[in-house]
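# Fold and geometry: a report
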Amino acid sequence: MGYLGGFKVTFMKLFEERVTTEYPKEKRPKPSRFHGRHVLNRYEDGMEKCIGCELCAGVCPARCIYVRGADNSESDPVSPGERYGYVYEINYLRCIHCDLCVEACPTEAITESKLFEFSFANRSDAIYTKNELVVGDDGLPQRQPWELWHEGDDLATSGWMRATASAGNPDYENRVGWSGELGYGTRDPELGQHDSASDEKPETLAHEHDQLEDVD
Amino acid sequence: MTGDPLFIDGVDLVDIGIMAAKVLVAFTFLLVATMFMVWFERKLISDMQNRIGPNVAGPWGLLQTFADGVKFFFKEDLRPENADPLVFRLAPYIAAVTAFLSFAVVPIGGSFGSGSSGTVTIFGRETYLQVADPPIGILLLLAMSSIAVYGVMLAGWASGSKYPLIGSVRASAQAISYEAALGMATVVVVILAGTLSTHGIVAAQAGGITRWFVLSSGVVPFIVFLIAATAELNRPPFDLVEAEQELVGGFHTEYSSIRFALFFLAEFMNVITMSAIMVTLFFGGPAGPILFGMTWFWPTVWFLLKVLAFLFVFVWFRATLPRLRYDQLMHLGWKLLIPLILFWLMFISLKELRAANDWNWIATYGAAFIALAIGTALLLAGLRAGDRAFQDELEEA
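A short tour of the structure in this document, coming up. (Residues numbered from 1 in each chain as written. Chains lettered and ligands numbered in written order. Predicted model: local features only at pLDDT ≥ 70, side-chain atom pairs only at ≥ 80, totals over all residues. Heavy atoms only, no water.)

To continue, consider the overall build of chain B. Counting its secondary structure elements, chain B contains 13 helices and four strands. Taking 2.2 N^0.38 as the reference for a compact globule, 397 residues should give roughly 21 Å; the C-alpha atoms of chain B span a radius of gyration of 23 Å, in line with that estimate. By principal-axis analysis of the C-alpha atoms, chain B measures approximately 65 × 65 × 45 Å. Counting contacts in chain B only where the partners sit at least 6 residues apart, residues at least 24 apart contribute 76% of the total. Surface accessibility of chain B: about 19000 Å² in total, with carbon and sulfur atoms responsible for 71%. (Helix = DSSP H or I, 4+ residues; strand = E, 2+ residues; numbered from the N terminus. Rg over C-alpha atoms; globule rule 2.2 N^0.38 Å. Contact = heavy atoms within 4.5 Å. Areas by Shrake-Rupley, 256 points an atom, 1.4 Å probe, with all protein chains shown as cover.)

Spelled out as structure tokens, the structure:
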């Protein structure tokens, strides 16, 4: 076709399916390791996992995390160790959701949920404090009034953590290297980032991934 | 207006009323058509790019342009400090007015051929379905497309800013280069029709598809006209005038609010007008079968369908072809289109002359062939010398 071949290509496009997702009207399913807003996890006995080490704040490229640790009181400890996160704030006007804080955390205290549709009307709402970040007594993230939630967004908040063996090997080696979570216990591994791995998702998620969610 | 039977037996109030109505209808039609042309282009180009395009304002996004227009009206009208106040304000009107004026001579309906001469009867008066039919119709079109360059040129110059200036310099150079090819392609049609009046040109094409000038002129003038028209309109792939990647917005970079809207309007209006001109010159204007009843109705439908086909082609060009480099643009215009249409023009003139004067077949075409061969050889030699000089220049640099 030479010079005119391009005209055929563009003309045939008229009859092809559109790739556009009309976002606010229809929403695509999110990948299981989606980087949304953070949660601060707790152990199965309700203790907080954060030990106030500030590694997350140190690694954060956007400088959006502020942590101040404090000593646990012997009679009423907040976390199992010596120290706990006394102040924990994330500024979501700065956060780029790179997940480096999740990688840096030695106790798997901070992970990311799939929530990303939130719009705040003022700056103080943009700064999530520990009260807002820490998971509730059911182990699920706490819903803020300005957040838009969809089914399954608040589940599987630590997928990435459970996809990589503690040795850093992307192939999961059948040895659980993470601690239990409040409300879930010790969760099953995600099957890793290897090409041949096919993740088996929990029942609720499998349903969600099968179909587009229509909120219209 | 001289050709119009409306004015043959003096002018009275009814004639003036009909005239005013025609102007009003043409004006409104063009404005509304422009509005939908913008929508059509955006929708079609998104279809060609697997997208959806505007679909929120009105059904299928039909009111998108209207919404944009309303928005433009309420935007602040900025004028750069270095701008020339008068010329800066004048330029958009030159662009818009010339765009309107060219449409006046296009016949948009009326049944031609088989006894009828393309007239319709309104209030008992015979008249053409075109605003005006001056005996120099085609010249008016060429003049308007030349004056429209002033709009672009002055806009760029008066903005007092470098990118608009570069854009407008490109625009004038491009328009001058391609106007030659455009003009000569038009002259081919004029020779075949034997008249400059647009009504006369359409009348000369009456009587079947084979009489349309696209075929009887041998397709080449039409292709040259189409390419040159695309360049005249500054549409992709010849949109160097407003090459966003290089010149921000080109000549209208410094324009905002309703003045920008006027340029935008003029641009899309010119696309419609140019399509209408191509239909008039090469595709028999409103010619087409009258299916049942209403002889005044069907020609207009055919005319609109043909124009729509060309609008589609222009959007198709935009979706398909990447923008030319500036030297490629000049190369195509000067070294390919102009020689080609020049030869074709001479060939057509010769053919007409031979038919008129009953010259000998072999002698005529033999002489033509020899002249053509010499001309081609000279031209090729010239082009090669030019290329060599260019290469030498490159090596020295």
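Right, let's talk about the pattern of salt bridges for a bit. Residues and elements named next belong to chain B. Tallied over the full model, the rule gives 15 salt bridges over all chains. A salt bridge links Arg318 to Glu41, with the shortest nitrogen-to-oxygen separation between them at 2.6 Å. Here Arg318, found in helix α11 (residues 297–320), pairs with Glu41, found in helix α1 (residues 13–47); they are 277 residues apart in sequence, far enough to count as distant. Of the charged contacts, one joins Arg323 and Asp239 as a salt bridge, the two residues approaching to 2.9 Å between their closest N and O atoms. (Salt bridge = Lys/Arg side-chain N within 4 Å of Asp/Glu carboxyl O.)

Our next topic: unusual backbone geometry. Each neighbour pair has its own omega, and for Pro236(B) with Pro237(B) the value is 5°, a cis peptide bond. One can find Pro237(B) in the loop between α8 (220–232) and α9 (244–247). Look at Glu54(A): it is not a glycine, yet its phi comes out positive at around 70°. Within the fold, Glu54(A) resides in the loop between β2 (38–40) and α2 (55–59). Relative accessible area serves as the criterion here: at 37%, Glu54(A) is assigned to the partly exposed category. Within the chain, His97(A) stands out as a residue other than glycine whose phi angle is a positive 55°. Mapped onto the elements, His97(A) comes out in the loop between β4 (83–91) and α3 (100–104). (Buried < 20%, exposed > 50% of the residue type's maximum accessible area, 1.4 Å probe, protein only.)

Okay, the side chain of Thr230(B) next. Residues and elements named next belong to chain B. By secondary structure assignment, the location of Thr230 is in helix α8. One polar contact links the side chain of Thr230 to the main-chain carbonyl oxygen of Leu226, over a distance of 2.6 Å. Setting aside residues no more than four positions away along its own chain, Thr230 makes contact with Arg235, Pro236, Pro237, Phe238, Phe314 and Phe317. (Polar contact = N/O pair within 3.5 Å; in protein donor to acceptor, adjacent residues only side chain to side chain.)

Residue and element names in this part refer to chain B. Contact pair α8 / helix α10 (residues 257–282): the axes reach a minimum separation of 11 Å and the direction vectors enclose 165°. Compared by their axis directions, α8 and α10 come out roughly antiparallel. Between α8 and α10 lies a crossing whose hand is right-handed. For the pair α8 and α10, the contacting residues are Pro221, Phe222, Phe225, Leu226, Ala229 and Glu232 in the first and Met274, Ile277, Met278, Leu281 and Phe282 in the second. (Axes fitted to C-alpha atoms, helices over the stretch in contact; angles between N-to-C directions. Parallel < 35°, antiparallel > 145°, perpendicular 65-115°, else oblique. Left-handed = near helix turned anticlockwise from the far one by under 90°.)

The next thing to look at is the environment of Ala121(A). If you trace the backbone, Ala121(A) turns up in the loop between β5 (110–112) and α4 (123–126). Between the C-alpha atoms of Ala121(A) and Phe7(A), which are 114 residues apart in sequence, the distance is 49 Å.

Size it by volume and the largest pocket reaches roughly 770 Å³. In this structure, the largest pocket is lined by 21 residues; those nearest its centre are Tyr3(A), Leu4(A), Phe7(A), Ile227(B) and Leu321(B). Of all the secondary structure elements, the ones that give two or more residues to the lining of the largest pocket are α8, α11 and α12 (326–357) of chain B. Ranked by residues supplied to the lining of the largest pocket, first place goes to α12(B) with six residues. Class assignment of the residues belonging to the lining of the largest pocket gives a composition of 17 nonpolar, three polar and one charged. (1 Å grid on protein atoms, 1.4 Å probe; cavity = no way out; pocket = protein on both sides within 12 Å on 5 of 7 lines; lining within 4 Å. Points joined across faces, edges and corners; volume = space filled by probe spheres on them. Nonpolar A, V, L, I, M, F, W, Y, C, P; charged D, E, K, R; others polar.)

Okay, empty space enclosed by the protein next. Residues and elements named next belong to chain B. This structure, assessed with the given rule, holds six cavities of 30 Å³ or more. Of the volumes computed, that of the largest cavity is approximately 440 Å³. Taken together, 30 residues make up the lining of the largest cavity; nearest its centre are Ser145, Ala148, Glu232, Leu233 and Asn270. When residues of the lining of the largest cavity are traced back to their parent elements, those giving at least two are α3 (85–103), α4 (137–158), α5 (162–193), α8 and α10. Looking at the lining of the largest cavity, its residues break down into 20 nonpolar, seven polar and three charged.

Each partner contributes residues to the interface: chain A has 12 residues there, and chain B has 13 residues. Summed over both sides, the interface of chain A with chain B buries roughly 1200 Å², with 64% coming from carbon and sulfur. In terms of surface lost to chain B, no three residues of chain A exceed Phe7(A), Thr10(A) and Arg18(A), which account for 44% of the buried area on that side. Linking chain A with chain B are eight residue pairs in polar contact (both at pLDDT 80 or more), by the criterion used here. Its residues assigned to classes, the side of chain A that touches chain B comprises four nonpolar, three polar and five charged. (Buried area = accessible area lost by both parts, 1.4 Å probe.)

Turning our eyes to something else, we now look at the nonpolar core. Among the nonpolar cores identified, the biggest contains 89 residues, and Phe225(B) and Phe282(B) are the most heavily contacted of them. Looking at this core element by element, the count peaks at 14 residues for α10(B). If near-sequence neighbours (up to four positions away) are discounted, Phe282(B) is found in contact with Ala185(B), Val189(B), Gln205(B), Trp212(B), Phe213(B), Val214(B), Ser217(B), Pro221(B), Phe222(B) and Phe225(B). Listed in part, the 24 residues of the second largest apolar core include Leu40(A), Val67(A), Phe118(A) and Met161(A). (Core = buried A, V, L, I, M, F, W, Y, C linked by side-chain atoms within 4.5 Å.)

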